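Summary of the model geometry
So the chains spell out like this:
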Amino acid sequence: MNYDLVVRNGTVIDGSGMPRYRADVGVKDGRIAHIGRISNGGGESIDAEGHIVSPGFVDGHTHMDAQIFWDPLGSCSCYHGVTSVVMGNCGFTLAPCREAEADLVFRNLERAEDISRDAMLAGIKWRWESFPEYLDVLDSLPKGINYSGYMGHSALRTYVMGERAFSETANEDELANMAHLVKESVRAGAIGFSSSRSSNHETSDYRPVASRAADWRELATMVRAMGEVDAGILELAGEPTGANHQRAEPYFNGLKDLSVETGRPITFGMFSTRAKPQAWRPWFDVLNQAAAEGGRLFVQVHSRALNVLLSFETNTPFDTWELWREIRALPLEEQKAAFRNPDTKAKLIAIANQPYTGPKAIGTEARPPDWDWIFLMNTVEGPHPSMAEVARQRGVSPVEAMIDLALEHDFKVFFRQPIANEDDAQALEMMQHPRSVVTFSDSGAHVSQIMDSSLQTHIFSHWVRQRQAFTLEEAVRLVTYDTATHWGFHDRGLLREGMAADLVVFDPDTIGPRMPEVVTDLPASAKRLKQTANGIRATVVNGAVLLRDNEPTGATPGRLLRGPLARH
């Protein structure tokens, strides 16, 4: 056979968890045509000697809904071996929406997900109203990686209810209309329906996002609508629960009962926290209870701490404080001059050392510092010294040490502020739970605040190579077969003849994230964090090489992955 692409001399880890083996992989017409020994075959080739050949990684939790319009590559996920993503999480989508009312969906996205309104205005060309029309537009866009998406609750509410969506419950006609639109969207290829009940999700004008105004009956109506067509997943950004069992128990049991009743899978994310380190445990038990009763709940977990990355090029904890806000609004060169001025610096330090009395940070926003829990991020892997420790070594206050380090590095230095999953041991335990899925990068969102597109490569550098908590086979399965199967991508996540040719060729001894950097490559020159990876020789999407040594080839082989009703 003449192949379009042959990956030669590699060690195959096929995603199933079975042991690795030596083989060539031949690709034809975007599919895996042969796994074995290939003596000829023509076409393009990749020499995988000394490298692992695995399925492309799958990320079940992103917010690339806006980014897809201006970034055909799919960064930063693509740099970390991700070939398929699910977007539209937490109820935040761009459809359904009339172009004249685009500000209603921008309002939901701008603060809750830190997506620049100016970038969205400059980068999105509106060509849809309904969710099926939106999917058709996505289908037509050049794409480096594969995308699927939920229909979002906040967008649905504002489409049906307008401004009332942010403050009122829906009436009977509105409920019926929303349920109809959910079924229409799932039939057209939506992967499901997403919503948020999280107090961390606020609009740019400091109100709850639209889905938070919905009552439980409304949420249940949308899930029952998916049950009527027997397709679709509910993804939910849940209410903060902590150790408040009185509030949490009916919430999680309600999700369990809803899944049992409708037959619909339900997924949500969960972290541990140092404030309430054991609060997650009892709610993992509900996953097993749901399975025993005929429902299906699965939880999304992370591979490391949820870190806010602070820097003077992006955000510091003091940007809204007295005097700081005026200086931080200046161009960076003028800021540097101000911080070098002894009198101004002294005033800024004095203000930063005062107790904070402003509004509470939400989501992944920077928050007032606990200096024992802000770390100098001088390497990717660490260990990272706390700023309290750095300050003691320098004989100055932590905020002065932070300013001095920023000036010494021309502002190109990061400080890591973990806000969840601070305990590595608990993060590992959550990853190892049989009903968890290791995903949740939030790629495309919080673009100047966090950089978790690298959670997959972190698994290999930290949990496989450094900690030896997983074998390579186990780690590959976590980010391929497990994620692909939970979201119903049944022709991906495994290397099998006939399946889609999404592949990653990587060096197990060097794969890992590089240091992040700040770039201004968004529309309207908006800032974002960018992070690439070491050790990935090639990323292949639908049989075409998207990246070689993490450099784009110019190919755009990605596809829209529609849900099961649209595929049949």
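Residues numbered from 1 in each chain as written. Predicted model: local features only at pLDDT ≥ 70, side-chain atom pairs only at ≥ 80, totals over all residues. Heavy atoms only, no water.

On to the overall build of the chain. Within the chain, the secondary structure is distributed over 18 helices and 25 strands. Taken over C-alpha atoms, the radius of gyration comes to 24 Å for the chain, in line with the 24 Å a tight globule of 568 residues would show. Out of the 568 residues in the chain, the part that is buried amounts to 62%. A separation of at least 24 residues holds for 75% of the contacts in the chain among residues at least 6 apart in sequence. Here the chain has roughly 21,000 Å² of accessible surface; of this, 47% comes from carbon and sulfur atoms. Averaged over its 57 positive side-chain charges, the chain has a centre that lies 2 Å from the centre of its 74 negative ones. (Helix = DSSP H or I, 4+ residues; strand = E, 2+ residues; numbered from the N terminus. Rg over C-alpha atoms; globule rule 2.2 N^0.38 Å. Buried < 20%, exposed > 50% of the residue type's maximum accessible area, 1.4 Å probe, protein only. Contact = heavy atoms within 4.5 Å. Areas by Shrake-Rupley, 256 points an atom, 1.4 Å probe, with all protein chains shown as cover. Lys, Arg positive; Asp, Glu negative; His and termini not counted. Charge placed at Lys NZ, Arg CZ, Asp CG, Glu CD.)

This part is about the sheet that holds strand 17 (residues 436–438). Spatially, six strands are ordered 9-10-11-12-13-17 in an open sheet, and the strand pairing comes out parallel. Strands at the two margins of the open sheet, each flanked by one partner only, are strand 9 (151–152) and strand 17. The sheet contact formed by strand 13 (residues 297–301) and strand 17 spans three bridges and is parallel. Bridge pairing in strand 17 links Gln300 to Val437. (Pairing = 2+ DSSP bridges.)

As a rule of thumb, soluble globular proteins bury nonpolar side chains together. Counting residues in each nonpolar core, the largest one holds 116 residues, and the members touching the most others are Phe69, Leu94, Phe460 and Phe506. Setting aside residues up to four positions removed in sequence, Leu94 forms contacts with Asp65, Ala66, Phe69, Val105, Phe106, Leu109, Ile124, Trp126, Trp128 and Tyr134. Among the nonpolar cores identified, the runner-up in size contains 34 residues, and Phe312, Trp321, Ile374 and Met387 belong to it. (Core = buried A, V, L, I, M, F, W, Y, C linked by side-chain atoms within 4.5 Å.)

Attention now goes to the environment of Val53. With respect to the helices and strands, Val53 occurs in strand 5 (residues 52–55). Taking the C-alpha atoms as reference points, Val53 and Arg20, 33 residues apart in sequence, are found 9.4 Å from one another. Those residues within four positions of Val53 in sequence are excluded, and the remaining contacts are Val7, Gly10, Thr11, Val12, Ile13, Val25, Ala48, Leu495, Val504 and Val505.

Summarising the sheet, strand 1 (residues 5–12) and strand 2 (residues 21–28) pair through six bridges and their orientation is antiparallel. Bridge pairing in strand 2 places Val6 opposite Gly26. Between the antiparallel neighbours strand 2 and strand 3 (residues 31–36) lie two residues, among them Asp29 with a positive phi of about 55 degrees.

Quick look at the packing of aromatic side chains now. Applying the stated criterion across every chain yields a total of 26 aromatic pairs. Geometrically, the ring pair formed by Trp280 and Phe284 is edge-to-face, given 5.0 Å between the ring centres and 75 degrees between the ring planes. Residue Trp280 shares its accessibility class with Phe284, and that shared class is buried. Between the aromatic rings of Phe460 and Phe506, the centroid separation amounts to 5.1 Å while the plane-to-plane angle is 50 degrees, which identifies the pairing as tilted. Of this pair, Phe460 sits in helix 15 (residues 455–466) while Phe506 sits in strand 18 (residues 503–506); the two residues are 46 residues apart in sequence, bridging distant segments of the chain. Residue class for Phe460 comes out buried when judged on its relative accessible area of 1%. Here the aromatic residues Phe312, Phe318, Trp321, Trp324, Phe339, Tyr356, Trp371 and Phe411 are joined through ring pairs into a cluster of three or more. Between the NZ or CZ atom of Lys336 and the centre of the ring of Phe411, over which it lies, the distance is 5.5 Å. (Phe/Tyr/Trp six-rings, centres within 6.5 Å; stacked < 30°, edge-to-face > 60°. Lys NZ or Arg CZ within 6 Å of the ring centre and 35° of its normal.)

What follows is about the sheet that holds strand 8 (residues 146–149). Taken in spatial order, the three strands line up as 6-7-8 in an open sheet, and their pairing is parallel. Where the open sheet ends on each side, the last strands, each with one partner, are strand 6 (57–59) and strand 8. Neighbouring strand axes in the sheet, compared pairwise and without regard to direction, differ in orientation by 15 degrees on average. Of the strand pairs in this sheet, strand 7 (residues 82–87) and strand 8 are connected by four bridges, and their pairing is parallel. Opposite Val85, over in strand 8, you have Tyr147 as the bridge partner. (Axes fitted to C-alpha atoms, helices over the stretch in contact; angles between N-to-C directions.)

This part takes up the pairing of strand 23 (residues 536–541). Within strand 23, five of the six residues are buried, which leaves it mostly tucked inside the rest of the structure. One ladder, built from four bridges, connects strand 18 with strand 23; its direction is antiparallel. Directly across from Val504, in strand 23, lies its bridge partner Thr539. Alignment of strand 23 against strand 24 (residues 544–548), held across four bridges, turns out to be antiparallel. Paired with Val541 across the bridge in strand 24 is Ala544. The hairpin formed by strand 23 and strand 24 contains two residues between the paired strands, and Asn542 there has a positive phi angle of roughly 50 degrees.

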